[in-house]
Amino acid sequence: MCGIIGYIGEKNCVPILINGLKRLEYRGYDSAGISIINNGNTCIVKNKGKVSALEEKVSLMKLNAVLGIGHTRWATHGIPNEINAHPHSNEDNTLFLIHNGIIENYQTIKKGLKQIGYSFRSETDSEVLVMLIDSFLKKNYPLTKAVQLALSEVEGTYGIAVIYKDEPDKIVVARKGSPLVVGLGENENFIASDVSAILAHTKQIVYLDDGELAVITKNGFLVKTILDIEIEKEVHEISMSLDEIDKGGYSHFMLKEIMEQTESVTNSMRGRLLLEDGDAKLGGLANVIDKLVNSNRIIISACGTSWHAGLVGEYMFEQYARIQTEVEYASEFRYRNPIITNEDTVILISQSGETADTLAALREAKSRGALVLGICNVVGSTIARESNAGVYIHAGSEIGVASTKAFTSQLIVLALITLLIARKKSLSAAEGKELVEAMQELPDKISHILKLNDTIEQLAEEFKDSKNFLYLGRGYNFPAALEGALKLKEISYIHAEGYPAAEMKHGPIALIDEKMPVVFIATKDSTYEKVISNIEEVRARGGRIIAIASENDEEIDTLVDYSIKIPDTVEMLRPVLTSIPLQLLAYHIAVKKGLNVDQPRNLAKSVTVE
Ligand code: AGP
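Note that the structure is predicted; figures quoted are calculated from it, not measured.

### As for the sheet that holds strand 7 (residues 158-164)
Reasoning step 1: Here we have 7 strands laid out as an open sheet, ordered 5-6-7-8-12-13-14, and antiparallel in their pairing. Looking at which strands have only one partner, the edges of the open sheet turn out to be strand 5 (88-89) and strand 14 (230-231).
Reasoning step 2: Across 6 bridges, strand 6 (residues 95-100) lies against strand 7 in antiparallel orientation. Note on strand 7: the bridge partner recorded for Leu97 is Val162.
Reasoning step 3: Of the strands in this sheet, strand 6, strand 7, strand 8 (171-176), strand 12 (212-217) and strand 13 (220-225) touch helix 5 (residues 143-151), which is tilted by about 150° from strand 7.

### Some points on the packing of helix 9 (residues 304-321) against helix 13 (residues 405-424)
Reasoning step 1: Where helix 9 meets helix 13, the closest approach of the two axes is 9 Å, and the angle between their N-to-C directions is 20°. In terms of orientation, helix 9 lies roughly parallel with respect to helix 13. Like other packed secondary-structure pairs, helix 9 and helix 13 cross with a definite hand, here right-handed. Each of Thr305, Ser306, His308, Ala309, Gly310, Val312, Gly313, Met316, Phe317, Tyr320 and Ala321 in helix 9 lies in contact with helix 13, whose residues at this interface are Phe407, Gln410, Leu411, Leu414, Ala415, Ile417, Thr418, Ile421 and Ala422.

### Section: the sheet that holds strand 1 (residues 3-8)
Reasoning step 1: If you trace the 8 strands from one edge of the open sheet to the other, you get 3-2-4-1-10-9-11-15, paired in antiparallel fashion. Looking at strand neighbours, the two that pair on one side only are strand 3 (41-48) and strand 15 (236-237), the edges of this open sheet.
Reasoning step 2: Sheet analysis places strand 2 (residues 31-38) next to strand 4 (residues 67-73), joined by 7 bridges and oriented antiparallel. Bridge pairing in strand 4 links Ala32 to Thr72.
Reasoning step 3: On top of the sheet, helix 1 (residues 13-24) reaches strand 1, strand 2, strand 4 and strand 10 (189-192); it is set at about 160° to strand 1, its chief contact.

### A short note on the packing of aromatic side chains
Reasoning step 1: One pass over the full model with this rule turns up 7 aromatic pairs.
Reasoning step 2: Centroid distance Phe463 to Tyr562: 5.6 Å. Interplanar angle 80°. Geometry classified as edge-to-face. Placement of Phe463 in helix 15 (residues 453-463) and of Tyr562 in strand 27 (residues 562-566) is noted, with a sequence separation of 99 residues between them.
Reasoning step 3: The class of Tyr562 is partly exposed, set by a relative accessible area of 28%.
Reasoning step 4: Every member of this aromatic cluster is reached through a ring pair, and the members are Phe463, Phe469, Tyr471 and Tyr562.
Reasoning step 5: Over the ring of Phe120 we find Lys110, and its NZ or CZ is 5.1 Å from the ring centre.
Reasoning step 6: Over the ring of Tyr493 we find Arg601, and its NZ or CZ is 3.9 Å from the ring centre.

### A look at the site of the ligand
Reasoning step 1: In the neighbourhood of the ligand, 14 residues make up the surrounding shell, with Ser306, Ser350, Ser352, Thr355 and Glu490 lying closest.
Reasoning step 2: The backbone of Thr305 places a nitrogen or oxygen atom 3.1 Å from an oxygen atom of the ligand.
Reasoning step 3: Residue Gln351 places a main-chain N or O atom 2.7 Å away from an oxygen atom belonging to the ligand.
Reasoning step 4: Compared with its free state, where it exposes 410 Å², the ligand has 91% of that area covered by protein.
Reasoning step 5: Under a 2 Å grid-point criterion requiring more than half of the atoms, the pocket assigned to the ligand is the second largest pocket.
Reasoning step 6: Where the shell around the ligand is concerned, the elements lending two or more residues are helix 9 and helix 16 (477-492).
Reasoning step 7: Residue classes in the shell around the ligand are distributed as 4 nonpolar, 8 polar and 2 charged.
Reasoning step 8: Composition of the shell around the ligand by domain shows at least three residues from each of domain 2 (248-446) and domain 3 (452-597).

### Considering the side chain of Lys445
Reasoning step 1: Residue placement: Lys445 occurs in helix 14 (residues 429-450).
Reasoning step 2: Among the residues examined, Lys445 registers a relative accessible area of 17% and is labelled buried.
Reasoning step 3: Once residues lying within four places of it in the same chain are set aside, the contact partners of Lys445 are Pro567, Asp568, Thr569 and Leu577.

Cut-offs applied
- Residues numbered from 1 in each chain as written.
- Predicted model: local features only at pLDDT ≥ 70, side-chain atom pairs only at ≥ 80, totals over all residues.
- Heavy atoms only, no water.
- Pairing = 2+ DSSP bridges.
- Helix = DSSP H or I, 4+ residues; strand = E, 2+ residues; numbered from the N terminus.
- Contact = heavy atoms within 4.5 Å.
- Axes fitted to C-alpha atoms, helices over the stretch in contact; angles between N-to-C directions.
- Parallel < 35°, antiparallel > 145°, perpendicular 65-115°, else oblique.
- Left-handed = near helix turned anticlockwise from the far one by under 90°.
- Phe/Tyr/Trp six-rings, centres within 6.5 Å; stacked < 30°, edge-to-face > 60°.
- Buried < 20%, exposed > 50% of the residue type's maximum accessible area, 1.4 Å probe, protein only.
- Lys NZ or Arg CZ within 6 Å of the ring centre and 35° of its normal.
- Near = heavy atom within 4 Å.
- Polar contact = N/O pair within 3.5 Å; in protein donor to acceptor, adjacent residues only side chain to side chain.
- Areas by Shrake-Rupley, 256 points an atom, 1.4 Å probe, with all protein chains shown as cover.
- 1 Å grid on protein atoms, 1.4 Å probe; cavity = no way out; pocket = protein on both sides within 12 Å on 5 of 7 lines; lining within 4 Å.
- Sits in = over half its atoms within 2 Å of the grid points.
- Nonpolar A, V, L, I, M, F, W, Y, C, P; charged D, E, K, R; others polar.
- Domains from an automatic or database assignment.

Following this line, the structure appears as structure tokens:
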């Protein structure tokens, strides 16, 4: 979703802003812009489309300044065009603002501002905010106070950065519901919506929390609440490296991230498996383990791919940990007045740790007294920080909008939590050891699957022109089918549905004809025979079948059009393996269709608005 970067220091900020915006491209955007202030001169440059186009425009202008802000916009209010792009400015172009989030009461504020003579150029909610701040500046308030007063009138969410020609020694930023960090350097400081934008310059990071405002100068920063109470903030040294956010020779981040899964899955398990004891060790849960083990119920809440991981978690927790588990879309959970008690544990799963609905679900659960655990990838993200306890998945930076390695690492962490609880309940050390061994074997099995890349690419050629796909699986592989369908639709724009295989008879079977590819996850597990019956039903109606099957299963080749053979593992861990060929299939189909795999249309990596 929208991205923010800002610089104040001694260097020319223009290349810093442009390169920072390029680092933010993965979040999804439709327009971009910068504004700068230098020696009493101001300039604003914006355009619809890519940051590279903005870069070209800016390079012709030969701009130089030591203070500036930049933005990538993902349209919410008003179509993507140059006027609606950020930064927005006041009438005389002395005050500039960039904004992530949604100002819910912007119509009311706009009406009031119009009555006192303000007029508006854009259709955005954000422009209202710059004019509101301007109205306080006109009453002679200094910039910081004007921002505080304006924000006290605002309902909604925001991460903002503001610069003002008459106070060129500072950037004022504030946050409510949209992430913002301050990056600290030598005689220079940075602000960004996400550390990747400023990682090339600093690893010293201050995370702002909701309700906080910061004044950033060349040599320091001051954090206050919107109500002007000063706050001490911790400076974090982050360990992420620039390599992590580069393509590393791959044509797309998505392919790089799929191919990294041998390593990312290993990293998610590193130091967390106790082979001899058949157990797991998760430092992040040490203080809450008794409460977790004795939970009456576990509720997992998440969105998209993370929700699919949660569904696998439900199967794991109920089978091994024997705790009743429910999985909720975070967007539904937050508004339906859920019944939660202090005997429940609510687990939020989020790659980014910033998804607005998941964060709201977290706060809802916390306010009702549940133990709240976060499973996140981004270290220091809001969900990770606001949870009572949690486990990082350590998948490494995931830049491709379509989540791949985060999904398999989420499954690993859910398996580790399952093992931890189950061993404290009825799972024997010998049974635990079997699971640990199976987990330790996963990286080699993943490497084996990744070698099927070329075969899957050929299959993609065969199916790239299909208009619809069905993905079917049972048990642990049902969520993997949902995830396979989501991967295909988000990057190839082919309509795809995932279903529990047996549910096909209750409706989707009507869609089956010789044009309908059906992907079955049909590995040899406890539901294998049932899935074979479902394959027969599709075959009888002329559907084209692709099976993800066990490597020793030769029989299946007599029933399906194509099969992708993968190694087996224990049932609980199957989706870690079965999801990978589906990621590759979606990837190659999208590439063959000539689509922008890493930045699919309309999508954002981190959905920070409702
Ligand atoms: C995954 O491919 C999607 N782009 C999307 O569904 C994503 O999983 C969802 O928005 C949740 O994101 P999160 O894990 O960062 O909370």
